[in-house]
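Each chain, written out:
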Amino acid sequence: MDLRAEGVSRRYFRQGKGRNFFFAVQETDLTLPAGNLIEITGRSGSGKSTLLNMLAGLLEPTTGRVLLDGTDLYALDDGKRSILRNRSIGVIPQGQTGLHSLTVLENVKLPSLMYDRQPCSDERAEALLERVGIAHLRDVYPNELSGGEMRRLAIARALVMDPGVLLADEPTGDLDDENTHAVLSLLRQCADGGKAVLLVTHEREAAQYAHAVYTMSGGILTAADQG
Ligand SMILES: Nc1ncnc2c1ncn2[C@@H]1O[C@H](COP(=O)(O)OP(=O)(O)O)[C@@H](O)[C@H]1O
Ligand SMILES: [Mg+2]
């Protein structure tokens with residue numbers, strides 16, 4: 001699947017004196033082609049998560065459109081957009097995630113239980129946990145996980161529906177070098193397997209896994225060196 005942003009921007013209101021509206025993301029075009037890993041780097045506060053959330057169908061742009069294989073995500077009503085997102089767009093969000101009343105294994109299966117779909121088998125969920133290196137934690141609750149383990153749970157959960165698009169917001173933030181490389185090569189494998197993958201990261205070594213690299217600065221996206 002291809003995911004494309006056309007002229008998307010996002011304006012926010014900030015409390016305080018003076019000019020209260022500002023654009024966290026200026027009008028931006030970006031295509032995530034099937035089979036490619038696209039990387040975005042940039043300082044904290046430059047608008048990376050805002051752009052990713054608009055691409056994910058989670059945050060309505062102030063201007064512009066987001067097209068998933070030509071379907072305008074924000075022209076759909078909430079219900080239809082939720083179903084399409086659940087099926088086609090895996091998101092690894094920034095920060096802590098995971099439902100605390102469910103075990104690790106149940107958390108991974110959760111997206112497959114929404115919208116009356118067939119639940120994924122325990123075997124498949126376990127295989128995903130194996131892939132991210134936390135199979136031994138399957139029966140643990142998220143509040144017992146380290147930051148890095150939580151991050152890997154989020155990755156397994158984002159992959160459970162086998163989405164055509166995968167959007168990862170600083171997925172290696174809490175990981176040591178070894179696990180950082182494991183996660184980056186897993187994302188690259190997803191791209192090589194045909195998914196459109198977006199990686200937002202501070203990781204210097206990430207560029208070697210990417211097909212193209214962009215830099216975000218003050219809400220403006222610029223193409224950088226090829227990976
Ligand atoms: N809901 C919001 N309301 C107002 N300002 C916001 C909101 N969310 C983010 N911002 C601001 O938008 C800018 C970009 O934020 P973000 O996209 O999270 O940046 P990054 O992911 O690159 O760190 C920041 O200045 C942030 O403070
Ligand atoms: Mg961010």
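Refer to the structure presented above.
Being a predicted model, the structure only gives us computed values, none of them experimental. (Residues numbered from 1 in each chain as written. Chains lettered and ligands numbered in written order. Predicted model: local features only at pLDDT ≥ 70, side-chain atom pairs only at ≥ 80, totals over all residues. Heavy atoms only, no water.)

Participant: Looking at this model, I keep getting lost on the site of ligand 1. Mind explaining?
Facilitator: As a structural note, the neighbourhood of ligand 1 is formed by 13 residues, with R14, G45, K48, S49 and T50 the closest of them. Measuring from an oxygen atom of ligand 1, one finds a side-chain N or O atom of S49 at 2.9 Å. Here ligand 1 loses 65% of its free accessible area of 570 Å² to cover by the protein chains. Secondary structure elements with two or more residues in the shell around ligand 1: strand 1 (3–13), strand 2 (21–32) and helix 1 (48–55). Ranked by residues supplied to the shell around ligand 1, first place goes to helix 1 with three residues. Per-class residue counts for the shell around ligand 1 are four nonpolar, six polar and three charged. (Near = heavy atom within 4 Å. Polar contact = N/O pair within 3.5 Å; in protein donor to acceptor, adjacent residues only side chain to side chain. Areas by Shrake-Rupley, 256 points an atom, 1.4 Å probe, with all protein chains shown as cover. Helix = DSSP H or I, 4+ residues; strand = E, 2+ residues; numbered from the N terminus. Nonpolar A, V, L, I, M, F, W, Y, C, P; charged D, E, K, R; others polar.)

Participant: Please explain the coordination of the magnesium ion (ligand 2) as it appears in this structure.
Facilitator: Binding of the magnesium ion (ligand 2) to the protein goes through S49 (OG) and Q94 (OE1), at separations of 2.0 to 2.3 Å. Separated by 45 residues along the polypeptide, S49 in helix 1 and Q94 in the loop between strand 6 (89–92) and helix 3 (104–113) bring together distant segments of the chain. According to the relative accessible area criterion, S49 is partly exposed, its value standing at 22%. Take Q94: its relative accessible area is 42%, and that puts it in the partly exposed class. (Donors = N, O, S within 2.8 Å, 3.2 Å for Na, K, Ca; no water. Buried < 20%, exposed > 50% of the residue type's maximum accessible area, 1.4 Å probe, protein only.)

Participant: Could you clarify how one ought to interpret the packing of aromatic side chains in this entry?
Facilitator: Considering all chains together, one arrives at two aromatic pairs under this definition. Ring centres of Y12 and F22 lie 6.2 Å apart, and the angle between their planes is 45 degrees; this geometry places the pair in the tilted category. Within this pair, whereas Y12 is found in strand 1, its partner F22 is found in strand 2, the two being separated by 10 residues in sequence. According to the relative accessible area criterion, Y12 is partly exposed, its value standing at 29%. If you follow R11 out to its NZ or CZ, it ends over the ring of F21, 4.3 Å from the centre. Here R14 stacks its cationic end above the ring of F22, 4.1 Å away from the centre of that ring. (Phe/Tyr/Trp six-rings, centres within 6.5 Å; stacked < 30°, edge-to-face > 60°. Lys NZ or Arg CZ within 6 Å of the ring centre and 35° of its normal.)

Purely geometric numbers; function is a separate question.
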